[in-house]
Amino acid sequence: MAPHNSSENGGDVGLLLFDKVYDALSPPVANKLGGTCLTGQLIQDGYEQEYVNGRILRETYIDTKKTFMQLFDSTRYSDRPYERSTRFRGDDQQRTLMSGQTLVKSLFDVDTNGTNIIVPYHTADYPVDPIKPDTLICPKLTDLRDEAVKSDEYVARNFSEDVLVLENILSEDLGGGNWRNIMDCLMTQKCNKRSIPPILDDFKHDGDNSFFSRVAEHASWMLTYIYRHNNAAYSKLAMGPLWAEIFSFMSEMTAGGNGYGARTLGDMKKKDIPVLLLYSGHDTTLMPILATLGENVWDGTWSPYASMLVIETYAVVEDDPKFPSTYAFRIIYNGEVLTPKIHGCDSDLCDYNFIKNMIEPFATWDRDCASAKKITHPPSKASTKQMKKTASILVW
């Protein structure tokens, strides 16, 4: 619904803005983690990080002298060439919604004439949204997870002497903390300069072999190993619907890589194809997506706060045997170009068919999610002179 801000006499008036404060309970009843914030709420630091992400994209794809990279002629949202030129998507969690919306506000300007602008933001009911792995939505993920944790490599590490020392710290010094949630606990405290238990307060720098680093590294490995195990089988099944959504838009531009798709921004407008796509998700969205790109692309390091993955799609305007599809793609993760790490690609730009052939086999909304187990819960560097303008960008 759009806010109504006119008085009975027809004049414009201010809006009532509401501050949602989680302080309605009294002891012994309390919020899940205490305090007066929603559990998992985006805090000011996160807001500022996403604002910076928006400015980075603005400088790269709007305020740029590189015409082949420029997506829009103006930074004003109302000056977009057609309504479907942008599409914004996130799951229905406060922190992801606000992260994506903050980035969009930083990316575009709003006219100063007082007119309200309604921006469509696409989402879904959180319990059924496959924007991240969920064993309730797809029970077969439980089977693939169990295969990973029963593998010889996983078992050997979990029963190693070093991990048993860490297990003892969790049980004896930290009151039985579990590995599943330890990263959220550690990083929210450490990154916000809050106190942590003394035995873990020994971090100095990456690779310092401190208890903090060892606990964080093993907690990260336990999850990311599952994402990467057996040629990323878990991640491919989990992220199939999201990849299908992404590829539906890439296919609109490339027409399946057969040379008959959109080749200019004018073509994009004529065919009503989005130029900019934004996806706002979680670390557990980014990491399995990265895992699906091949074993050499991502080293399994946990995605930091405000991480950003960009997929650019180009139309190649000059004949080049390196680009038989006449389209190219580039993938950038937190400022690092990952494309050369993809199997078959040897430069920053790679033929579109490489990513198409790699992702298409599992990019589907209609997954085989049936578990073999009894379910006890309901499933709920090519030259830039060869390139025309960038066509599609996907960002988390």
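Residues numbered from 1 in each chain as written. Predicted model: local features only at pLDDT ≥ 70, side-chain atom pairs only at ≥ 80, totals over all residues. Heavy atoms only, no water.

1. Some words on the nonpolar core
Counting residues in hydrophobic clusters, the biggest one holds 95 residues, and the most contacted among them are Phe108, Trp243 and Ile331. Considering each element in turn, this core owes the most residues, 22 residues, to helix α7 (residues 211–254). Apart from residues lying up to four places away in sequence, tryptophan 243 is in contact with Ile289, Thr292, Leu293, Ile311, Ile355, Ile359, Phe362 and Ala363. (Core = buried A, V, L, I, M, F, W, Y, C linked by side-chain atoms within 4.5 Å. Buried < 20%, exposed > 50% of the residue type's maximum accessible area, 1.4 Å probe, protein only. Helix = DSSP H or I, 4+ residues; strand = E, 2+ residues; numbered from the N terminus. Contact = heavy atoms within 4.5 Å.)

2. Observations regarding the environment of lysine 271
Following the sequence through the fold, lysine 271 ends up in helix α8 (residues 265–271). Residues lysine 271 and glycine 261 lie ten residues apart in sequence; the distance between their C-alpha atoms is 9.2 Å. Setting aside anything within four residues of it in sequence, one finds lysine 271 in contact with Tyr260, Gly261 and Ala262.

3. Examining helix α6 (residues 179–191)
Spanning 13 residues, α6 covers 19 Å between terminal C-alpha atoms, matching the ideal 18 Å at 1.5 Å per step. Where α6 is buried, its residues contact α5 (161–173) and α7. Directly after α6, the chain includes lysine 193, whose backbone phi takes a positive value near 55 degrees. (Expected span 1.5 Å × (residues − 1).)

4. Section: the pattern of salt bridges
Pairing between side chains becomes possible if they bear opposite charge and their charged atoms approach one another. Tallied over the full model, the rule gives 16 salt bridges. We note a salt bridge from aspartate 63 to arginine 58, for which the minimum N-O separation is 3.3 Å. Across the pair aspartate 129 and arginine 89 runs a salt bridge, and its minimum N-O distance is 2.9 Å. In this pair, aspartate 129 is assigned in the loop between α2 (94–107) and α3 (140–149) and arginine 89 in strand β1 (residues 86–90), connecting sequence segments 40 residues apart. One exposure class covers both aspartate 129 and arginine 89, and it is buried. Overlapping salt bridges bring together Arg87, Arg89, Asp129 and Glu245 as one network. (Salt bridge = Lys/Arg side-chain N within 4 Å of Asp/Glu carboxyl O.)

5. Section: the environment of methionine 222
Note on placement: methionine 222 falls in helix α7. Classification of methionine 222 by relative accessible area gives buried; the value is 15%. Separated by 68 residues in the primary sequence, methionine 222 and tyrosine 154 have C-alpha atoms spaced 8.0 Å apart.

6. Considerations on the state of the cysteines
Summed over all chains, the structure comprises two disulfides. Here cysteine 345 engages in a disulfide with cysteine 350; their sulfurs sit 2.1 Å apart. Sign of the S-S torsion, about -80 degrees for the bond between cysteine 345 and cysteine 350, identifies this disulfide as left-handed. The exposure class of cysteine 345 is buried, given its relative accessible area of 7%. Once the bonded cysteines of the protein are numbered in order along the sequence, the disulfide links fall as 1-4, 2-3. (Disulfide = S-S within 2.5 Å.)

7. A closer look at unusual backbone geometry
The step from proline 27 to proline 28 runs through a cis peptide bond, and the omega angle for that step is 5 degrees. Structurally, proline 28 is set in the segment before α1 (44–61). One non-glycine residue, lysine 193, adopts positive backbone phi at about 55 degrees. Examined against the element boundaries, lysine 193 turns out to sit in the loop between α6 and α7. Of the residues examined, lysine 193 reaches a relative accessible area of 78% and is grouped as exposed.

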